[in-house]
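A structural walkthrough
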Amino acid sequence: MAKRLRKTPERGLNRQVTHVCPTHDELGGSSVTYQLERVQCGKPKCRRWHGPYWYAYWTAGGKTRSLYIGKKLRPAAEVATERNQRRRAAAQ
Ligand SMILES: [Zn+2]
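Residues numbered from 1 in each chain as written. Predicted model: local features only at pLDDT ≥ 70, side-chain atom pairs only at ≥ 80, totals over all residues. Heavy atoms only, no water.

1. Remarks on the overall build of the protein
In terms of regular secondary structure, the protein is built from one helix and four strands. Secondary structure of the protein in N-to-C order comes out as β-β-β-β-α. Looking at the protein residue by residue over its 92 residues, the buried ones come to 26%. Within the protein, residue pairs in contact and separated by at least 24 positions form 36% of the contacts whose partners lie at least 6 positions apart. Of the accessible surface of the protein, which amounts to about 6,900 Å², a share of 49% is contributed by carbon and sulfur atoms. (Helix = DSSP H or I, 4+ residues; strand = E, 2+ residues; numbered from the N terminus. Buried < 20%, exposed > 50% of the residue type's maximum accessible area, 1.4 Å probe, protein only. Contact = heavy atoms within 4.5 Å. Areas by Shrake-Rupley, 256 points an atom, 1.4 Å probe, with all protein chains shown as cover.)

2. Here's the deal with the coordination of the zinc ion
Summarising the metal site, the zinc ion is bound by the protein donors Cys41 (SG), Cys46 (SG) and His50 (NE2), whose distances to it range over 2.2 to 2.3 Å. When the donors of the zinc ion are listed by position in the chain, the intervening gaps give C-x4-C-x3-H. This pair shows no difference in class: Cys41 is buried, exactly as His50 is. (Donors = N, O, S within 2.8 Å, 3.2 Å for Na, K, Ca; no water.)

3. Some points on the packing of aromatic side chains
One pass over the full model with this rule turns up two aromatic pairs. On the numbers, 5.5 Å between centres and 75 degrees between planes, the contact of Tyr53 with Tyr68 is edge-to-face. Note that Tyr53 is positioned in strand E3 (residues 49–60) and Tyr68 in strand E4 (residues 63–70), a separation of 15 residues in sequence. For Tyr68, a relative accessible area of 28% puts it in the partly exposed group. With centroids separated by 5.5 Å and ring planes inclined at 55 degrees, the aromatic side chains of Tyr55 and Tyr68 adopt a geometry described as tilted. One end of the pair, Tyr55, is in strand E3; the other, Tyr68, is in strand E4, with 13 residues separating them in the sequence. We classify Tyr55 as buried; its relative accessible area is 2%. (Phe/Tyr/Trp six-rings, centres within 6.5 Å; stacked < 30°, edge-to-face > 60°.)

4. Considering the pattern of salt bridges
Across all of its chains, the model carries three salt bridges by this definition. For Arg15, the salt bridge goes to Glu37, with nearest N and O atoms at 2.4 Å. Taken as a pair, Arg15 in strand E1 (residues 15–27) and Glu37 in strand E2 (residues 30–40) lie far apart in primary sequence, 22 residues in all. Judged by its relative accessible area of 38%, Arg15 is partly exposed. Since its relative accessible area comes to 1%, Glu37 is described here as buried. Across the pair Glu82 and Arg74 runs a salt bridge whose closest N-O atoms are separated by 2.8 Å. Owing to a relative accessible area of 30%, Glu82 belongs among the partly exposed residues under this scheme. Judged by relative accessible area, which is 25%, Arg74 ranks as partly exposed. (Salt bridge = Lys/Arg side-chain N within 4 Å of Asp/Glu carboxyl O.)

Nothing here speaks to function; it is geometry throughout.
What follows is the structure in structure tokens.
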């Protein structure tokens, strides 16, 4: 049995949206839509469907942005703030 692979849903091949949850949350002045998605693994030896995971989608500067939330639905702004803090800490 191979060692447990880390899940990297951002690099998935295909996506299946299983649930869409529009909210009143805002990010960068745009309303956020939360989607529960299953993602097909991009690793050649896996190609399994992982998830479902929550993703947040919103528009900024005319572009659609997305953010990986995780298994448990949380406010996108909170997840984005934590991610930025982690990046800042890693850069020091
Ligand atoms: Zn996989």
